[in-house]
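Single-letter residue listing:
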Amino acid sequence: QVQLVESGGGLVQAGDSLRLSCAASGRTIGAYVMGWFRQAPGKEREFVALISPSGDNTIYDDSVKGRFTISRVSAKNTVYLQMKNLKVEDTAVYYCAADRHYRYSRRTEDYDYWGQGTQVTVSS
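Since the model is a prediction, treat every value here as computed from it, not as a measurement.

### Points about the packing of aromatic side chains
Then, number 1: Enumeration according to the criterion identifies six aromatic pairs in this entry.
Then, number 2: Measuring from ring centre to ring centre gives 6.4 Å for tyrosine 32 and tyrosine 113, while their planes differ by 25°; the resulting arrangement is stacked. Linking tyrosine 32 in the loop between β3 (18-25) and β4 (33-39) with tyrosine 113 in strand β10 (residues 113-114), this pair joins segments that are 81 residues apart in sequence. Tyrosine 113 carries the same exposure label as tyrosine 32, and that label is buried.
Then, number 3: Considering the side-chain rings of phenylalanine 37 and tyrosine 111, the 5.0 Å spacing of their centres and the 80° angle between planes classify their relative orientation as edge-to-face. Of this pair, phenylalanine 37 sits in strand β4 while tyrosine 111 sits in the loop between β9 (92-99) and β10; the two residues are 74 residues apart in sequence, bridging distant segments of the chain. Like tyrosine 111, phenylalanine 37 is buried.
Then, number 4: Among the aromatic residues, those joined into a cluster by ring pairs are Phe37, Phe47, Tyr95, Tyr111 and Trp114.
Then, number 5: Sitting over the ring of tyrosine 95, arginine 45 keeps its end group 3.6 Å from the ring centre.
Then, number 6: Over the face of the ring belonging to tryptophan 114 we find arginine 45, whose NZ or CZ atom lies 5.0 Å from the ring centre.

Criteria and thresholds
Residues numbered from 1 in each chain as written. Predicted model: local features only at pLDDT ≥ 70, side-chain atom pairs only at ≥ 80, totals over all residues. Heavy atoms only, no water. Phe/Tyr/Trp six-rings, centres within 6.5 Å; stacked < 30°, edge-to-face > 60°. Helix = DSSP H or I, 4+ residues; strand = E, 2+ residues; numbered from the N terminus. Buried < 20%, exposed > 50% of the residue type's maximum accessible area, 1.4 Å probe, protein only. Lys NZ or Arg CZ within 6 Å of the ring centre and 35° of its normal.

Written as structure tokens, this is what we have:
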């Protein structure tokens, strides 16, 4: 089993930046595709970004492309999401997730492990 714990969320103003962290424990996530998702009130959980096990390949939702950067540090068993130029519509609970089967998917159903989420609130 893998435990994932997100941190770094908070209340910021539009245009500000935040860096989210996803710390894994229990076992290494070095062989997993890792993703970030978010869920706003009244909406379904939606894809934000993913990163390959090596870190060489990334995919972003169009809504965050150019503003968000996903990265990972194997030695720390941790995945990051650097968020810049935040917008009010970015407000959501942000979750990290692990896919053991290299599906490179934007579907929540294709991920095996999830964190509990961290709240990001962007005010204007």
